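One-letter residues, chain by chain:
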Amino acid sequence: MPTYEKRAFKYRFYPTDAQAAELSRTFGCVRKVYNLALAARTEAWVLRAERVNYNATSAMLTAWKKTEELAYLNDVSSVPLQQALRHLQTAFTNFFAKRAKYPRFKSLKKSRKSAEYTSSAFRFRDGKLTLAKMTEPLAVVWSRPLPEGAQPSTVTVSQDAAGRWYVSLLVEDPAVQPLPAVGTAVGVDVGLDHLLTLSTGEKIANPRYERRDRARLAKAQRELSRKAEGDGTNRGKARKKVARIHARIADRRSDTLHKLTTRLVRENQTIVIEDLTVRNMLRNGKLARAISDAAWSEFRGQLEYKARWYGREVIAVDRWFPSSKLCSSCGVMRDKMPLNVRTWTCACGTTHDRDVNAAQNLLAAGLAVSACGAGVRPQRRSPGGQSATKQENPWREL
């Protein structure tokens, strides 16, 4: 009997003017309800040490709709508003469990524009999706088919900063079948000169999408800075132009990473990477832009969920492991390895490429971890009190 798991399928759609206006109103109401509920819960906790749960905020929403000031909340579907309260409850649950920071208020300019509809607030029939408060179905571009017979349980509509509209359908999908087991394993060393270096000796170039569009982005940002704050129309156009360039960079980067991670998962049973704290590495002012452009965190995230889908194993080796200073042939470790040293010769006579050697050492360490059943060591602090950052990668501004 097949097993099922929840999967989201995201598509682009093109709303009519009436649909766009209705969705924009819904986004605004969702943001308003979320902020009101967050303010009420914060006030209750600070002044009375009282925890307000979802049921209490739901009752508040009913009362808010009856006031003259917030009567406009009745003009949109109530389901996205209730879902906003549920999302706030989840945020508080994660906060009290110390899995996340305290929830923040949603900003008009910076917060993601989205609204979630449950099955009672939409109709999906014959490949047509119609939301509550709308008479016509959305013009969705079905770029890939949904699983046969799938019926969405929730639908999330969103608009990005570039003005593009998306709809995400959460469906029960037969679990992705594990790929046939293979006997290959690979170590992967990430970097800036080359995006990935494999233990096989292959090097994958860093496309540097942000650098390619840097001049265009800088020009658009200068044009935006010249627009007066009160000039809503022209400033909005300039802001959208900047957002489109950012979206182009992000889309191309994501596409490249998807292709690379899919290839690695298909070709290897075990993939060994280094456990990096990218957030701390971004504190390096000179390299923060290059590190962000390389998107190491996104690479790891894609690799891990695809490995889980297809029955592969991803092993993260502790970042303090001296992968670059250790000879992969004889095991002797050098005392120092400056970042400008790209090739070096060990006392045993083996000449190493720094990155390939690091990937080979990561592979050996990862296989040892797998054989011993040990996990990744917890993060530790450096002697100066700062979180550890990657010590072995080539941090050259290229």
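These figures come from a predicted structure and were not determined experimentally. (Residues numbered from 1 in each chain as written. Predicted model: local features only at pLDDT ≥ 70, side-chain atom pairs only at ≥ 80, totals over all residues. Heavy atoms only, no water.)

**Details of the layout of surface pockets**
Then comes step 1: Empty space within the largest pocket amounts to approximately 770 Å³.
Then comes step 2: Forming the boundary of the largest pocket are 24 residues, of which Lys10, Arg144, Asp251, Ser254 and His258 lie nearest the centre.
Then comes step 3: When residues of the lining of the largest pocket are traced back to their parent elements, those giving at least two are strand 1 (4-13), strand 6 (154-159), helix 6 (232-267) and helix 9 (296-310).
Then comes step 4: At nine residues, helix 6 tops the list of elements feeding residues into the lining of the largest pocket.
Then comes step 5: Partitioned by chemical class, the residues of the lining of the largest pocket number seven nonpolar, five polar and twelve charged.
Then comes step 6: Looking at the second largest pocket, its volume works out to about 610 Å³.
Then comes step 7: Of all elements in the fold, only helix 1 (17-48) and helix 6 reach the threshold of two or more residues within the lining of the second largest pocket. (1 Å grid on protein atoms, 1.4 Å probe; cavity = no way out; pocket = protein on both sides within 12 Å on 5 of 7 lines; lining within 4 Å. Points joined across faces, edges and corners; volume = space filled by probe spheres on them. Helix = DSSP H or I, 4+ residues; strand = E, 2+ residues; numbered from the N terminus. Nonpolar A, V, L, I, M, F, W, Y, C, P; charged D, E, K, R; others polar.)

**Remarks on empty space enclosed by the protein**
Then comes step 1: Enumeration over the complete set of coordinates arrives at two cavities of 30 Å³ or more.
Then comes step 2: Counted as a void, the second largest cavity has a volume near 60 Å³.
Then comes step 3: Those elements that place two or more of their residues in the lining of the second largest cavity are helix 6 and helix 8 (288-294).
Then comes step 4: Sort the elements by how many residues they give to the lining of the second largest cavity and helix 6 lands first, with three residues.
Then comes step 5: Here the lining of the second largest cavity is built from residues that sort into five nonpolar, two polar and three charged.

**Quick look at a positive patch on the surface**
Then comes step 1: Together, Lys101, Arg104, Arg279 and Arg283 make up a positively charged patch on the protein surface.
Then comes step 2: Structurally, Arg283 can be placed in the loop between helix 7 (278-281) and helix 8.
Then comes step 3: Judged by relative accessible area, which is 57%, Arg283 ranks as exposed. (Patch = residues over 30% accessible without salt bridge, like charges linked within 9 Å, V, L, I, M, F, W, Y side chains within 5 Å. Areas by Shrake-Rupley, 256 points an atom, 1.4 Å probe, with all protein chains shown as cover. Salt bridge = Lys/Arg side-chain N within 4 Å of Asp/Glu carboxyl O. Lys, Arg positive; Asp, Glu negative; His and termini not counted. Charge placed at Lys NZ, Arg CZ, Asp CG, Glu CD. Buried < 20%, exposed > 50% of the residue type's maximum accessible area, 1.4 Å probe, protein only.)

**Quick notes on the UniProt feature "domain: Cas12f1-like TNB" (unreviewed entry) in the protein**
Then comes step 1: On the UniProt side, "domain: Cas12f1-like TNB" (unreviewed entry) is annotated at positions that read residues 296-362 here.
Then comes step 2: Overall, residues 296-362 shows 36% helix and 16% strand. The separation of its end C-alpha atoms is 16 Å. (UniProt positions renumbered as here; feature names shortened; annotations may be inferred.)

**Some details on the nonpolar core**
Then comes step 1: Counting residues in hydrophobic clusters, the biggest one holds 43 residues, and the most contacted among them are Leu23, Leu131, Val157 and Val167.
Then comes step 2: Sorting elements by how many residues they give to this core places helix 1 first, with nine residues.
Then comes step 3: When near neighbours in sequence (up to four residues on either side) are disregarded, Val157 contacts Phe13, Leu23, Phe27, Lys113, Ser114, Ala115, Tyr117, Leu131, Trp165, Tyr166 and Val167.
Then comes step 4: Of all hydrophobic cores here, the second largest spans 25 residues; its members include Val190, Leu195, Val265 and Leu276. (Core = buried A, V, L, I, M, F, W, Y, C linked by side-chain atoms within 4.5 Å. Contact = heavy atoms within 4.5 Å.)

**Observations regarding helix 2 (residues 54-65)**
Then comes step 1: The terminal C-alpha atoms of helix 2, which comprises twelve residues, lie 17 Å apart, in line with the 16 Å expected from a rise of 1.5 Å per residue.
Then comes step 2: Taken as a whole, helix 2 has its buried residues at Tyr54, Thr57, Ser58, Leu61, Trp64 and Lys65. An end-on view of helix 2 places all buried positions within 115° of arc, on one side of the element.
Then comes step 3: Residues of helix 2 that are buried sit in contact with helix 1 and helix 3 (78-96).
Then comes step 4: One side-chain oxygen of the residue at the start of helix 2 lies 3.3 Å from the amide nitrogen of Asn55, identifying that residue as Asn53. (Expected span 1.5 Å × (residues − 1). Arc of directions from axis to C-beta. Polar contact = N/O pair within 3.5 Å; in protein donor to acceptor, adjacent residues only side chain to side chain.)

**A look at the packing of helix 6 against helix 9**
Then comes step 1: For the pair helix 6 and helix 9, the least separation of the axes is 9 Å and the interaxial angle reads 40°. When the axes of helix 6 and helix 9 are compared, the pair comes out oblique. The element helix 6 and its partner helix 9 pack so that their crossing is right-handed. Here Arg253, Ser254, Leu257, His258, Thr261, Thr262, Leu264 and Val265 of helix 6 lie close against helix 9, whose contacting residues are Glu298, Phe299, Gln302, Leu303, Tyr305, Lys306, Ala307 and Tyr310.
Then comes step 2: Across the contact of helix 6 with helix 9, the residue classes break down as eight nonpolar, five polar and three charged. (Axes fitted to C-alpha atoms, helices over the stretch in contact; angles between N-to-C directions. Parallel < 35°, antiparallel > 145°, perpendicular 65-115°, else oblique. Left-handed = near helix turned anticlockwise from the far one by under 90°.)

**Re the sheet that holds strand 8 (residues 185-190)**
Then comes step 1: If you trace the five strands from one edge of the open sheet to the other, you get 10-9-8-11-12, paired in mixed fashion. Sheet topology places strand 10 (203-205) and strand 12 (313-317) at the edges, where each strand pairs with a single neighbour. Between one strand axis and the next, the sheet turns through 25° on average, direction left out of account.
Then comes step 2: The pairing of strand 9 (residues 194-198) with strand 10 spans three bridges and is classified as antiparallel. Looking across to strand 10, one finds that His194 is bridged to Ala205.
Then comes step 3: Running at roughly 155° to strand 11 (residues 270-274), helix 9 makes contact with strand 8, strand 9, strand 11 and strand 12 of the sheet. (Pairing = 2+ DSSP bridges.)

**Let's talk about helix 3**
Then comes step 1: The terminal C-alpha atoms of helix 3, which comprises 19 residues, lie 28 Å apart, in line with the 27 Å expected from a rise of 1.5 Å per residue.
Then comes step 2: When helix 3 is considered as a whole, its buried residues turn out to be Val79, Pro80, Leu81, Gln82, Gln83, Ala84, Leu85, Leu88, Ala91 and Phe92.
Then comes step 3: Where the residues of helix 3 are buried, they touch helix 1, helix 2 and strand 2 (113-118).
Then comes step 4: After helix 3 finishes, the residue Lys98 shows a positive phi value of roughly 60°.

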